[in-house]
Each structure stands twice: as structure tokens, then as C-alpha cells.
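# Working through the structure, step by step
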Amino acid sequence: MSISTIASGRARRASVRAAVTVFTATAVAAGLIGPPVTAAEPTPHPGSTRSGDSLFPTAGNGGYQAVHYGVTLDYFPKRNRLEARTRVVARAAGPLSSFSLDLEGLRVRKVAVDGRNASYRRHGHELVITPARAVSGRFTTTVVYDGHPRRHKDPDGTYEGWITTPDGATALNEPVGSMTWFPNNNTPRDKARYTFRVTAPSRLAVAANGVLAKRARHAGRTTWTWHERVPMASYLAMVSIGDYDVFRSSLRTVSGKRLPVWSFVERQLPSQGKARRLLPKIVRWGERRFGPYPMDSAGIVVHKLGVGYALETQDRPVFDGDVKTPDLVHELAHQWYGDSVTPRDWGDIWLNEGFATYAEWMWDGAHGGTSPEKTFRRAYQKYGAKSSFWKPAPAALTDPADLFGTSSYLRGAMTLQALRDRVGDKAFSRILHDWARLMRNGVVTTTDFVLLSERVSGKNLDELFQDWLYTAKRPVGY
Ligand code: ARG
Ligand code: ZN
């Protein structure tokens, strides 16, 4: 059980004022405030097989937090065969007699905990592991597995997970697809660092998150080692194996830092010169609007995948075919809002999609297009009080099929414009910067954002956020 479970599950629906009380109560429950607890040797207990997420409650697990994933993949594209090993370093909250990871499909060959064979059972996507002796503190789990990884169908009918292509495969994981290729604590509230070691035929290239540490060739196959040192949610992990043109460069940030840029463009496609030229400009534009670029590497991956969406995979977003500028702005804005500042609960997805959509509006307005005010006004006028556009409210989703619906994107962005109108440009800009700076690498809730907005602006924003985020009606008077 973590602070997040209560803060996101309950406070989301509660009024903003009440949320402060909830936070204090959870701080007491978490032992942060109050009398010292007497030290008795706690009895080992099984870790939960659930995360408690409001929309995907069975994805993710309890009782521990992941620290580092070492994902080693040997991939044979012609047969879509994967021979793999994932090493998870984690920290147990208390002594655990058993714990679980999420893994869908594939065949588990062996599980070891701290170097000793462990027993395991599989129930659906739960891989429940019973170590030879209870774990506490830091422990290491190694899972050896193989098979034919498969894509995962989402509640809205779209696909994610292991997506095969004529030349290779690309792993896209929002919201829960990561479990189709490596065992993990599949919830955004548990971030970790990663190492990917991927071996594929040498004629193909392998993209992943982070910085390339090594490329080693042996007998017609090449191992690519990528390190992601910035804490990352598993839904943002990415590996892409394909027939790529690889473009290597660097970009200079506003503060003068040099960042490595690695871009991968499917050889069959146009080389995406415009997008690759725009990338450093958008990053620097984002730095002026939101604050320092939060990652230590950049780039894009462009491949026809047939999924129908782009994804903000950390450092290196993936595009399903030719890159359009608004999409590039959107996925790069997610590096601040979503990737660095990550919602604890999928029910808070508007904090990702509303912000990234608003960034598109800002870019458009700043580059000869429509201003955000006008984009807001058009949408507000277009959807009358009877329109289904106003259902559900962005921070009150109950159906996982609505995760990537217009409420999260459009109404989420409209919420930010309504906030801007209310607090003024200066306070709004401070809110955007402070949100990225104070919550960097963190996991957050809508309540955190509401409280920050009130603190920065010095205004009571209860009604505004009630109207825009929690009420399934067209807000009146905006
Ligand atoms: N977050 C992505 C974006 O930038 C969309 C992901 C859609 N995922 C899905 N399984 N349909 O908007
Ligand atoms: Zn998005």
C-alpha cells in the first residue's frame, strides 16, 4: 500500500479542500507523521497481485518498488521468436513471502531470487513468485523466458505490446503492453532505471530508450546495449528492431548542454528531414515554455506499424509512419508532461494528454496558426450542452476504453486554457514551469496539480476544476 493508492483513488473524486485532509491522513498511515512505531520483527506476508489503479486495477503489483530492470532479449524476426532474461532489482516495503510480476504469454523457464531458484505460478498475467526464503529490503529476481511475443488488445480496440512488422518488431506499451515482452511491475506509479541488451541480425538496427552504451557484433548478430538512467514508467519503455536508417547527431539545450540524438527511420520511408530538423527547435521551444528538457537523450523512431497512433516513449518517441509537426510537438511535450511528471493512476491521464494537446495549441499559436484562446473558443462553441463531448469528465473516467478519448485530450487542453484565463498568462506560465520542476521524475495526481495551481496563483480554483475536471457537463460561463 502506498500513499498513491489512497491519494489517487479517493482524492480524485473528493473536493480539493478535502484532499488536503486525505494527504495528511495518508502521511500518518505511511508513518511519515506521528509517534514512532515499536520495532517488532514483522511477519512475512504475500505482496499484492494488484496495483489498485482505478482503471487497470490488476496491472501492477504491491509490496515492493522496482529499482532497475535489466532486459536481455535475443530476437529472431523471421519466426518472431524471443529468448530472454529479465533481471529486476527491487526494494520490498516489508518482508515478503511471495510477490508478483506481470507477464502475458511467453514461457517461463526459470525464476531465481537472490541467486536461488524460486517457485512460481502463473494466473493470467500474474507471475506469482515464492522465493526460497522471504525477501526484505533490496532483492534481485531473474526470470528466464522465451516464446513468441504477441500484441495486446486494449479496451478501446486498439493494439499495443509487441507489434511485429515485415522486418522486425516494435514494443509499444501504453497502458499495459510492457508485460507482453518483459516481466515487470506494470503500473505508472513504479518508476525504475533500465538497461536493454538486445541481439538481432546485424542487418537490422535496434532502438531503445536512453543512451547507447555498446554495440557488439558476433557471428552475423549484433547486441545493442542501451541505458535509461532517468527513472521511467514501464509504459514508456521501448525497443524497436527493424531495417532502419540511423541518424546520429546532437542538440544543444537552452542551458548549453549537449544531448545525444539518435533517430531511426524505416528505410522504405522518406528520411523525415523536416521532423529531424525541427526536433532540436521544438526541444528548445519546450524548454522556454516548460523549463529544462528533463531527459538526457533524444530522437525519433519512425516505422509503419499500423497501430494508428504515435507514442511518447521516453527520450525517443515512436511514430507510425510520416511524422506530422503537431504530433512531433505533442510527443516531445510529453517528455516533460507524462514521462518526467507521471500520473500515479491511469484515471489521471488528462495530466498527460491535456498538457501535450495544449502544447500543440501553444506551438500553433506561436508559429502563425490559431491561438490557444481561439482553439478553445471554437471547441467550446462547437460542442453544445447536449453533446456527448462533455461526457465523461477528464478526471472522473470510469471506463478504461475512454483513456485516449477526447475528454483526456481536448477537454483536458480546454481545462488548461480555462485555468490560464482565470489566473493570467504570468501565473499560468509559472504553473507549467513549477509543475515540471517540482514534480520532475515523480508520480503525481490531479489533486497535486490543483493544489499547485492554487498556491502559485493565490486563487481558490475549486469551482473551475470542479466544472472542468470532475463534472460530466458543459461548464457554464467560460
Ligand atoms: N499517448 C499516446 C499519445 O501521444 C497515445 C497512445 C494510444 N495508445 C493506445 N493503446 N491506443 O497520444
Ligand atoms: Zn499524447
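Just above, that's the structure.
Residues numbered from 1 in each chain as written. Chains lettered and ligands numbered in written order. Predicted model: local features only at pLDDT ≥ 70, side-chain atom pairs only at ≥ 80, totals over all residues. Heavy atoms only, no water.

### Some points on the overall build of the protein chain
Per the secondary structure count, the protein chain includes 10 helices and 22 strands. Relative to a compact globule of 478 residues, whose C-alpha radius of gyration would be 23 Å, the protein chain shows 22 Å and is just as compact. Projecting the C-alpha coordinates of the protein chain onto the three principal axes gives extents of approximately 65 × 65 × 45 Å. Residues counted as buried form 57% of the 478 residues belonging to the protein chain. By sequence separation, contacts in the protein chain at least 24 residues apart represent 68% of the contacts at least 6 residues apart. (Helix = DSSP H or I, 4+ residues; strand = E, 2+ residues; numbered from the N terminus. Rg over C-alpha atoms; globule rule 2.2 N^0.38 Å. Buried < 20%, exposed > 50% of the residue type's maximum accessible area, 1.4 Å probe, protein only. Contact = heavy atoms within 4.5 Å.)

### Details of the sheet that holds strand S18 (residues 258-266)
For sheets, the rule is that strands pair by backbone hydrogen bonds, running either parallel or antiparallel. Spatial ordering of the open sheet is given by S17-S18-S19-S20, a layout of 4 strands whose pairing is mixed. If you trace the sheet from one side to the other, it starts and ends with strand S17 (244-252) and strand S20 (318-319), each paired once. Relative to S17, helix H3 (residues 273-290) is tilted by about 35 degrees, and along the sheet it contacts S17 and S18. (Pairing = 2+ DSSP bridges. Axes fitted to C-alpha atoms, helices over the stretch in contact; angles between N-to-C directions.)

### Things to note about the sheet that holds strand S10 (residues 159-164)
Pairing in this open sheet of 5 strands is antiparallel, and the strands run S9-S10-S11-S16-S13 from one edge to the other. Each of the sheet's edge strands pairs with one partner strand only, and the pair in question is strand S9 (151-153) and strand S13 (205-208). Averaged over neighbouring strand pairs, the angle between their axes works out to 20 degrees when direction is ignored. Two strands pair when backbone bridges link them, and S13 and strand S16 (residues 239-242) are joined in this way by 4 bridges, in the antiparallel orientation. Counterpart to valine 206 in the pairing with S16 is isoleucine 241.

### Concerning the coordination of the zinc ion (ligand 2)
Around the zinc ion (ligand 2), the protein contributes the donor atoms His330 (NE2), His334 (NE2) and Glu353 (OE), at 1.9 to 2.0 Å from the metal centre. Read N to C, the donor residues that coordinate the zinc ion (ligand 2) are spaced as H-x3-H-x18-E. Of this pair, histidine 330 sits in helix H4 (residues 325-336) while glutamate 353 sits in helix H5 (residues 350-366); the two residues are 23 residues apart in sequence, bridging distant segments of the chain. Relative accessible area serves as the criterion here: at 4%, histidine 330 is assigned to the buried category. (Donors = N, O, S within 2.8 Å, 3.2 Å for Na, K, Ca; no water.)

### A look at the nonpolar core
Formed by 70 residues in total, the largest nonpolar core has its most connected members in Leu73, Trp181, Phe196, Val239, Ile241 and Phe264. Ranked by the residues each element gives to this core, the list is headed by strand S3 (residues 81-102), at 8 residues. Ignoring anything within four residues of it in the chain, the contact list for valine 239 reads Leu73, Ala169, Thr170, Ala171, Trp181, Phe196, Val198, Val206, Ala207 and Ala208. Val283, Tyr293, Leu432 and Leu464 belong to the second largest nonpolar core, which has 65 residues in total. (Core = buried A, V, L, I, M, F, W, Y, C linked by side-chain atoms within 4.5 Å.)

### Considering the packing of aromatic side chains
Here the distance between the centres and the angle between the planes together describe a pair of aromatic rings. The final tally for this structure, using the stated rule, is 39 aromatic pairs. Between tyrosine 75 and tryptophan 162, the ring centres sit 5.2 Å apart and the planes meet at 70 degrees, which makes this aromatic pair edge-to-face. Linking tyrosine 75 in strand S2 (residues 64-76) with tryptophan 162 in strand S10, this pair joins segments that are 87 residues apart in sequence. Under the relative-accessibility criterion, tryptophan 162 is labelled buried at 1%. Ring centres of tryptophan 350 and phenylalanine 355 lie 5.9 Å apart, and the angle between their planes is 50 degrees; this geometry places the pair in the tilted category. Like tryptophan 350, the residue phenylalanine 355 is buried in the burial classification. The structure contains a cluster of three or more aromatic residues connected by ring pairs, namely Trp285, Phe290, Tyr293, Trp336, Tyr337, Trp350, Phe355, Trp363, Trp435, Phe449 and Phe465. Between arginine 79 and the ring centre of phenylalanine 76, over which it is positioned, the NZ or CZ distance is 5.5 Å. One Lys or Arg, arginine 221, reaches over the ring of phenylalanine 76 and ends 4.0 Å from the middle of that ring. (Phe/Tyr/Trp six-rings, centres within 6.5 Å; stacked < 30°, edge-to-face > 60°. Lys NZ or Arg CZ within 6 Å of the ring centre and 35° of its normal.)

### Thoughts on the pairing of S10
Here 3 bridges tie S9 to S10, and the two strands are oriented antiparallel to one another. Along S10, the bridge assignment pairs lysine 153 with tyrosine 159. Hairpin connection from S9 to S10: 5 residues lie between these consecutive antiparallel strands, with glycine 157 at a positive phi of about 90 degrees. Summarising the sheet, S10 and strand S11 (residues 169-172) pair through 4 bridges and their orientation is antiparallel. Paired with isoleucine 163 across the strands is threonine 170, a residue of S11. The turn linking S10 back onto S11 is made up of 4 residues.

### Re unusual backbone geometry
Peptide bonds are mostly trans, and most non-glycine residues show a negative phi. In this structure, proline 175 follows glutamate 174 across a cis peptide bond, with omega equal to 5 degrees. With respect to the element layout, proline 175 can be found in the loop between S11 and strand S12 (192-201). Between lysine 391 and proline 392 the backbone carries a cis peptide bond, its omega angle lying at -10 degrees. Within the fold, proline 392 resides in the loop between helix H6 (372-382) and helix H7 (406-423). Positive phi values are uncommon outside glycine, yet asparagine 80 reaches one of about 45 degrees.

### Digging into the site of ligand 1
Contacts to ligand 1 come from 14 residues, most closely from Asp154, Glu174, Glu312, Glu353 and Tyr409. Histidine 330 places a side-chain nitrogen or oxygen 3.3 Å from an oxygen atom of ligand 1. The contact in question runs from an oxygen atom of ligand 1 to an N or O atom on the side chain of glutamate 331, over 2.9 Å. Its free accessible area being 350 Å², ligand 1 has 94% of it covered by the protein chains. (Near = heavy atom within 4 Å. Polar contact = N/O pair within 3.5 Å; in protein donor to acceptor, adjacent residues only side chain to side chain. Areas by Shrake-Rupley, 256 points an atom, 1.4 Å probe, with all protein chains shown as cover.)

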